[in-house]
Amino acid sequence: MIVLGVETSCDETSVAIVKDGKEILSNVVSSQIDVHKEYGGVVPEIASRCHTEVVTCVFEKALKDANLKPKDIDLVAVTEGPGLIGALLIGISAATAFAYANNIPIIGVNHLAGHIYANNLENELKFPCLALVVSGGHTELVLMEKHNSYKQLGQTLDDAVGESYDKVGRVIGVPYPGGPVIDKLAHQGKDIYNFPRVYLDKESFDFSFSGLKSAIINFVHNNEQRGVEVNKEDVCASFQEAVTDVLVYKTHMAAKKYNVKQIIIAGGVAANKGLREKLTKEITEFEICMPSIKYCTDNAAMIASLGYFCSLDGYENRKFSIDGIPYLDF
Ligand code: KG4
Ligand code: ZN
């Protein structure tokens, strides 16, 4: 089965064609990061406009790269949420028009589940499976007993991890998105500041990152006011250690409690080298599966893969009925 996936939930316009949920025939990603950099974060209205400008070309390139015609596509899968409403609607409208014009069935899929299915592009999901979902908007531990089944074990009570990375990045003066730059700087510094590790109740699978973020912002500002120069690399290393200690601890605890066959990570922050290293170093008794870096951040290959697995359960051709859902959980 050949599925065409469409992803426009934030600042990447992406169309991909994937065979049987696994074989990537094409995956075109047009990023707007350079546009939003100027503003220090994603500006929703600008994101919508940028998607509108490129979406048709991205469709054309995805078909061309796969050397396929629209008639070869069996199903269209489009992200319906969560995400920025204007941005989502551009992808949904384009996908709906494409599906309608070519008489192809269309379904709406969940962006977060898509991040999980990025793991399935290169590896096989094994159940029960524990997913640590860490993106710009979400931080969750999710248990999957089978395909298309999600049980949320815990989530952030305030900021998402990616959001904290981006906010700390702004305070220490690195360009948006802060995550990848902090990750790089962290590897050049040392964890000398011992910022708080917020475990909440140690039995709980919920997270909280706003306290850590505020601690760092206050630390940087206090030093600035006193004219003391802080070492950026050491701040990054100390922040990253505090974040990853908690993520790895809770993931390990949940894996043991539910005796899972596999641990996977998903979402933009899954690209974090510190997190990847610590997971593999500290959790040795479980199989750990991670997507390649290029499939961690937003892309449509993961959406097409998810679309295939959704279709195995049967689907309703949604034709014109797909709406954008900004706040959608599993
Ligand atoms: O999943 P994603 O592409 O978009 C959302 O669905 O939110 O995630 C984007 C987030 C941003 O906050 C970005 O800073 C973060 O992922 N990110 C990273 C790294 N690469 C991207 N955070 C930490 N370390 C990285 N290497
Ligand atoms: Zn995402």
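Heads up: the structure comes first, above all this text.
All of these numbers come straight from a predicted model, not from anything done at the bench.

Visitor: What is the right way to read helix H6 (residues 178-186) from this model?
Guide: Owing to its 3.6 residues per turn, the α-helix aligns residues three or four sequence positions apart on the same side. Among all positions in H6, only Gly-178, Gly-179, Ile-182, Asp-183, Leu-185 and Ala-186 are buried. Buried residues along H6 sit in contact with helix H5 (161-171), helix H8 (232-257) and helix H9 (273-282).

Visitor: It is not clear to me how unusual backbone geometry should be interpreted in this structure. Could you clarify?
Guide: The general pattern is negative phi for most residues beyond glycine and trans for most peptide bonds. In the segment running from Gly-81 into Pro-82, the intervening peptide bond is cis, with an omega of -5°. Structurally, the position occupied by Pro-82 is in the loop between strand S4 (75-81) and helix H3 (85-101). Here the bond from Phe-127 into Pro-128 is cis, since omega is -5°, no more than 30 degrees from zero. Phi angles above zero are rare outside glycine, and Asn-103 is one such case at about 55°. Along the chain, Asn-103 falls in the loop between H3 and strand S5 (106-110). Of the residues examined, Asn-103 reaches a relative accessible area of 71% and is grouped as exposed. Unusually for a residue other than glycine, Asn-259 sits at a positive phi of about 45°. Here Asn-259 lies in the loop between H8 and strand S9 (262-266).

Visitor: Whenever I open this one, the site of ligand 1 confuses me. Can you help?
Guide: Taken together, 19 residues sit near ligand 1, with His-115, Gly-136, Asp-166, Gly-268 and Asn-272 positioned nearest. One of the backbone N or O atoms of Gly-136 is found 2.8 Å from an oxygen atom in ligand 1. Gly-179 is positioned such that a nitrogen or oxygen atom in its backbone is 3.2 Å from an oxygen atom of ligand 1. In isolation ligand 1 offers 550 Å² of accessible surface; the protein chains occlude 89% of this area. Every element with two or more residues in the shell around ligand 1 is listed here: helix H4 (111-117), H5 and H6. Here the shell around ligand 1 is built from residues that sort into five nonpolar, eleven polar and three charged. Here the shell around ligand 1 spans two domains, since at least three of its residues come from each of domain 1 (2-117 + 296-312) and domain 2 (125-290).

Visitor: Would you mind showing me how to read the pattern of salt bridges here?
Guide: Pairs can form between side chains of opposite charge whenever their charged atoms are close. For the coordinates displayed, the defined rule picks out 13 salt bridges. With a closest N to O distance of 3.6 Å, Asp-34 and Lys-37 form a salt bridge. In this pair, Asp-34 and Lys-37 both sit in helix H1 (residues 33-37), three residues apart, roughly one turn of the helix. Since its relative accessible area comes to 37%, Lys-37 is described here as partly exposed. Of the charged contacts, one joins Asp-245 and Lys-278 as a salt bridge, the two residues approaching to 2.6 Å between their closest N and O atoms. Pair noted here: Asp-245 is in helix H8 and Lys-278 is in helix H9, with a separation of 33 residues, a long-range link. Connected via shared salt-bridge partners are Asp-191, Arg-197, Glu-241, Asp-245 and Lys-278.

Rules used in this analysis
Position numbers for residues count from 1 along each chain, tracking the sequence in the order it is written. Chain letters and ligand numbers both follow the written order, the letters beginning at A and the numbers at 1. Reporting of local features is limited, given that this is a predicted model, to residues whose pLDDT is at least 70; pairs of side-chain atoms are given and counted only at 80 or more, and all residues count toward the totals for whole chains, interfaces and linings. Only hydrogens and water are set aside when side-chain values are computed; all heavy atoms of the structure are taken into account. Think of it in three bands: with a 1.4 Å probe and only protein chains considered, a residue is buried below 20% of the maximum accessible area for its type, exposed above 50%, and partly exposed in between. Going along the chain from the N terminus, every DSSP run of H or I of four or more residues is numbered as a helix, and every run of E of two or more is numbered as a strand. Every residue pair with non-hydrogen atoms within 4.5 Å of one another is taken to be in contact. Think of it this way: one heavy atom of a residue within 4 Å of a molecule or strand is enough to make that residue near it. Under the rule applied, a polar contact is a pair of N or O atoms within 3.5 Å (in protein, one hydrogen donor and one hydrogen acceptor; residues adjacent in sequence only if both atoms are side-chain atoms). Surface accessibility follows the Shrake-Rupley procedure with a 1.4 Å probe radius. Residue values consider only the protein chains on display as shielding. Side-chain classes follow a simple rule in which Ala, Val, Leu, Ile, Met, Phe, Trp, Tyr, Cys and Pro form the nonpolar group, Asp, Glu, Lys and Arg form the charged group, and the remainder, Gly included, forms the polar group. An automatic or database domain assignment is the source of the domain bounds shown. We define a salt bridge as a contact between a side-chain nitrogen of Lys or Arg and a carboxyl oxygen of Asp or Glu at a distance within 4 Å.

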